[in-house]
Amino acid sequence: MSPQKTPLSEISDPPDTNDQTQSRKADHLRICLDEDVQFRQQTNGLDRYRFTHCCLPELNRNEIDLTTSFLGKKLEAPLLISSMTGGTAQAKMINYRLAEVAQYFQIAMGVGSQRVAVENPQVADTFAVRSLAPDILLFANLGAVQLNYNYGLEQCQRVVDTLEANALILHLNPLQECIQTEGDTNFHGLLDKIETLCKILPVPVIAKEVGNGISAKMATRLLEAGITAIDVAGAGGTSWAKIEGERATDPRQRRLGETFADWGLPTADCIVGVRKISANIPLIASGGLRNGLEVAKAIALGADLAGLAWPFLQAAAESENAVYTLVDILKAEISTVLFCTGNRTLTELKQSGVLEQIRG
Ligand SMILES: NC(=O)C1=CN([C@@H]2O[C@H](COP(=O)(O)OP(=O)(O)OC[C@H]3O[C@@H](n4cnc5c(N)ncnc54)[C@H](OP(=O)(O)O)[C@@H]3O)[C@@H](O)[C@H]2O)C=CC1
Ligand SMILES: Cc1cc2nc3c(=O)[nH]c(=O)nc-3n(C[C@H](O)[C@H](O)[C@H](O)COP(=O)(O)O)c2cc1C
Ligand SMILES: C=C(C)CCOP(=O)(O)OP(=O)(O)O
Ligand SMILES: [Mg+2]
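What counts, and where the lines are drawn
- Sequence positions are assigned chain by chain, starting from 1 and proceeding in written order.
- The lettering of chains begins at A and the numbering of ligands begins at 1, in the order of writing.
- Reporting of local features is limited, given that this is a predicted model, to residues whose pLDDT is at least 70; pairs of side-chain atoms are given and counted only at 80 or more, and all residues count toward the totals for whole chains, interfaces and linings.
- Calculated side-chain values reflect all of the structure's heavy atoms, with hydrogen atoms and water omitted.
- Each helix is a run of DSSP H or I of at least 4 residues and each strand a run of E of at least 2, with the numbering of both proceeding from the N terminus.
- Between the two quantities, the radius of gyration covers C-alpha atoms and the globule rule is 2.2 Å times the number of residues to the power 0.38.
- In this scheme, a residue with accessible area under 20% of its type's maximum is buried, one over 50% is exposed, and one in between is partly exposed, where area comes from a 1.4 Å probe on protein chains only.
- For the area figures, the Shrake-Rupley method with a 1.4 Å probe applies, and any residue is considered shielded solely by the protein chains shown.
- By the counting scheme adopted, Arg and Lys are positive, Glu and Asp are negative, and His together with the chain ends is not counted.
- Note on charges: their place is set at NZ of Lys, CZ of Arg, CG of Asp or CD of Glu.
- UniProt positions are given in the numbering used here, feature names are shortened, and annotations may be inferred rather than shown by experiment.
- Residues are treated as being in contact if the distance between any of their heavy atoms lies within 4.5 Å.
- Polar contact criterion, stated in full: a pair of N or O atoms within 3.5 Å, where within protein one must be able to donate a hydrogen and the other to accept it, and residues adjacent in sequence count only if both atoms are side-chain atoms.
- A fitted line through C-alpha atoms serves as each axis, taken over the contacting stretch for helices, and the angle formed by two N-to-C directions is quoted from 0 to 180°.
- Angle categories are assigned with fixed cut-offs, so that under 35 degrees is roughly parallel, over 145 is roughly antiparallel, 65 to 115 is roughly perpendicular, and the rest are oblique.
- We call Asp, Glu, Lys and Arg charged. Ala, Val, Leu, Ile, Met, Phe, Trp, Tyr, Cys and Pro are nonpolar, and the rest, Gly among them, are polar.
- By convention in these notes, a residue is near a molecule or strand provided one of its non-hydrogen atoms lies within 4 Å of it.
- Put simply, a salt bridge is a Lys or Arg side-chain nitrogen that is within 4 Å of an Asp or Glu carboxyl oxygen.
- A score between 0 and 100, pLDDT records how confident the predictor is in each residue.
- Only centres within 6.5 Å qualify two rings of Phe, Tyr or Trp (six-membered ring in Trp) as a pair; their planes then separate them into stacked at under 30 degrees, edge-to-face at over 60, and tilted for everything else.
- Strands pair, by our definition, only if DSSP identifies at least two bridges between them.
- With the strands pointing away from the viewer, any crossover whose connection runs clockwise from the first strand over the helix to the second is right-handed.

Peer 1: Help me understand the overall build of the protein chain, please; the structure alone is not making it clear to me.
Peer 2: A count of helices and strands for the protein chain gives 14 helices and 12 strands. Scaling as 2.2 N^0.38, a compact globule of 360 residues should have a C-alpha radius of gyration of about 21 Å, and the protein chain matches this with 19 Å. Referenced to the eigenvectors of the C-alpha coordinate spread, the extents of the protein chain come out at roughly 60 × 45 × 40 Å. When each of the 360 residues of the protein chain is scored for burial, the buried share is 57%. Here the protein chain displays about 14900 Å² of accessible surface, and carbon together with sulfur accounts for 49% of that area. Placing the 33 positive and 42 negative side-chain charges of the protein chain at their respective mean positions leaves the two points 4 Å apart.

Peer 1: Sorry, what's going on with the UniProt feature "binding site: substrate" (unreviewed entry) in the protein chain here?
Peer 2: Mapped onto this numbering, the UniProt entry gives "binding site: substrate" (unreviewed entry) at Arg24, Lys25, Ser113, Gln114, Arg115 and Gln176. For Arg24, a relative accessible area of 4% translates into the label buried. Not counting the four nearest positions on each side in its chain, Arg24 is found in contact with Arg115, Gln180, Glu182 and Arg247. For Gln176, a relative accessible area of 7% puts it in the buried group. Excluding residues within four positions of it along the chain, Gln176 makes contact with His28, Val210, Trp240 and Glu244. Within polar-contact distance, the side chain of Gln176 engages the side chain of Asn173 at 2.9 Å.

Peer 1: Please explain the packing of helix H2 (residues 89-105) against helix H12 (residues 310-318) as it appears in this structure.
Peer 2: Orientation of H2 relative to H12, taken along the N-to-C sense of each, is 105°, at an axis distance of 9 Å. In this view, H2 runs roughly perpendicular relative to H12, as classed from their interaxial angle. Facing H2, whose interface residues are Ile94, Arg97 and Leu98, H12 presents Phe312, Leu313, Ala316, Ala317 and Glu318. Broken down by class, the residue content of the contact of H2 with H12 amounts to 6 nonpolar, no polar and 2 charged.

Peer 1: What is the right way to read the site of ligand 3 from this model?
Peer 2: Surrounding ligand 3, one finds 13 residues, the nearest of these being Arg24, Lys25, Ser113, Arg115 and Glu177. Within the side chain of Ser113, an N or O atom sits 2.5 Å from an oxygen atom of ligand 3. Taking Glu177, its side chain carries an N or O atom lying 3.0 Å from an oxygen atom of ligand 3. In the complex, the protein chains occlude 93% of the 390 Å² of accessible area that ligand 3 would expose alone.

Peer 1: Would you mind going over the pattern of salt bridges with me for this structure?
Peer 2: With the rule as written, the count across this model stands at 17 salt bridges. The partner of Glu154 in a salt bridge is Arg158, with the nearest N and O atoms 2.9 Å apart. You can see Glu154 and its partner Arg158 sitting in helix H4 (residues 153-163), 4 residues apart, about one turn around the helix. With its nearest N and O atoms 2.8 Å apart, the salt bridge here joins Arg247 to Glu182. With Arg247 in helix H8 (residues 240-247) and Glu182 in the loop between helix H5 (174-179) and helix H6 (190-200), this residue pair connects regions lying 65 residues apart in the sequence.

Peer 1: I'm lost on the site of ligand 1 in this one. Help?
Peer 2: If you check the shell around ligand 1, you find 7 residues, and the closest are Tyr104, Asn321, Tyr324, Thr325 and Asp328. Of the residues that constitute the shell around ligand 1, the class distribution is 3 nonpolar, 3 polar and 1 charged.

Peer 1: Mind showing me how you'd approach the confidence of the model for the protein chain here?
Peer 2: Do not read the fine detail of predicted coordinates wherever pLDDT is low. Here the protein chain shows a mean pLDDT of 95. Residues at 70 or above account for 95%. At the level of chain-chain contacts, confidence expressed as ipTM amounts to 0.91, with global pTM at 0.93.

Peer 1: Explanation requested: the packing of aromatic side chains in the structure shown.
Peer 2: Aromatic ring pairs are reported here in terms of the distance separating the ring centres and the angle at which the planes meet. What the rule picks out here adds up to 4 aromatic pairs. Here the aromatic rings of Tyr104 and Phe105 are separated by 4.9 Å at their centres, their planes lie at 85°, and the arrangement is edge-to-face. Looking at Tyr104, the relative accessible area reads 57%, which means it is exposed. Overall, Phe105 belongs to the buried group, its relative accessible area being 11%. Geometrically, the ring pair formed by Phe105 and Tyr324 is tilted, given 6.2 Å between the ring centres and 55° between the ring planes.

Peer 1: Just checking my understanding: could you explain H8 for this structure?
Peer 2: Quick reminder: α-helices carry 3.6 residues per turn. Residues three or four places apart thus point the same way. With 7 of its 8 residues buried, H8 lies for the most part within the structure. Restricting attention to buried positions, one finds in H8 the residues Trp240, Ala241, Lys242, Ile243, Glu244, Gly245 and Arg247. Its buried side turned inward, H8 meets helix H1 (20-34), H5 and helix H9 (251-259).

Peer 1: So what exactly am I meant to see when it comes to the pairing of strand E10 (residues 283-286) here?
Peer 2: Successive side chains on a regular strand alternate, one facing one side of the sheet and the next facing the other. Burial of the side chains of E10 extends over both faces: Leu283 and Ala285 are buried on one face and Ile284 and Ser286 on the other. Strand direction decides the pairing type here: E10 and strand E11 (residues 305-308), joined by 3 bridges, are parallel. Looking at E11, one finds that Ser286 is bridged to Gly307. The β-α-β motif built from E10, the intervening helix H11 (residues 292-300) and the parallel element E11 has right-handed crossover chirality.

Peer 1: Please explain the environment of Gln357 as it appears in this structure.
Peer 2: Looking at the secondary structure, you find Gln357 in strand E12 (residues 355-357). Judged by its relative accessible area of 44%, Gln357 is partly exposed. Here the alpha-carbon distance between Gln357 and Arg50, two residues 307 residues apart in the chain, equals 6.5 Å. Once you skip the residues sitting within four places of it in the chain, Gln357 turns out to touch Arg48 and Tyr49.

Set out below in structure tokens:
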């Protein structure tokens, strides 16, 4: 049966067990779908840039080519469905819908943190999208901090193998873990552990934030440690401080979530900063990207791929068709930027210098 046939309302949302991690995953979906979880005033920084319009593109729109490659894999558009979920029945439905569309459009996809499945292998099937998306660039996901809590090569290898993933994303989320009531906050000595992991794990390791950004300085350290690619996941979109504050019952944690709701480095600044320290590092832009015009700006600033989380979650919760429609629109928006700046390919766009900064 196609996953599209089952409405989300018929999926049992509450976790099947009392497992704390599984119940957190259910909370994350519920809060992201029901509450205002976006940054308040801080933007992703892309509003400080605009494209120079070209009144005579000398192109036929149907010649525009959005193909690209990332980590050696060809994609039909420079899009990533960012790491989100797994571990509950609702998460399974969302992952399956997203995977079907990723396969159809040949774009990349990440699954949410697989810690919940390491702790409880019975929920591994909520991540099992490979059979639905046999060809896509697919990313496994774990929190880097888990390397300080008894995780090592064995767990990293297991999540990659069970997903049949092309690479492992290690998320870096110190602020989120500070506000999360049950958060893991010992980040001591992690860089050395990441370096060891990069040496022995047979697939590429990608370092990713979760909406607070990666600075040029930290990207340098991560590259020296052997990270293959970076996803800046900058500020300006979904605020994980807000979400964990909303989950918390302790007034202290709720206050922390409010205070730090807008914390972080805007996505645009992260892309520029990281690209400055390395012309070649495979670079994913994400954090607050909400349409194809912003995707195109991120690419013109130096990113190779653009990731969106919250918009894909909203669409997937609605229907599989809504996810098809979202990708179709994103592609049309990126194509329109290329056409109206007189560029046929993404490589031409990057080299054309058509993106100008309009304010500091
Ligand atoms: N719901 C679905 O299963 C799918 C929906 N889509 C829709 O297509 C749009 C973009 O697709 P794209 O490939 O770029 O362009 P096209 O419009 O060229 O669609 C390509 C293929 O998708 C089929 N298709 C188009 N719309 C629908 C729909 N609403 N329901 C079921 N099948 C559909 C078409 O079938 P036909 O020639 O018979 O119209 C065609 O085989 C999206 O906005 C989305 O609405 C695309 C694929 C599957
Ligand atoms: C419901 C949900 C769950 C998420 N879970 C994870 C996760 O498990 N691992 C991770 O690396 N990022 C996770 N993220 C963060 C996103 O990948 C992304 O970095 C962040 O939301 C900012 O992007 P956005 O503004 O497009 O949402 C999650 C995001 C959402 C919306
Ligand atoms: C939701 C995001 C943005 C990252 C993961 O959060 P968690 O802290 O819930 O992930 P795990 O501990 O389960 O890996
Ligand atoms: Mg965690």
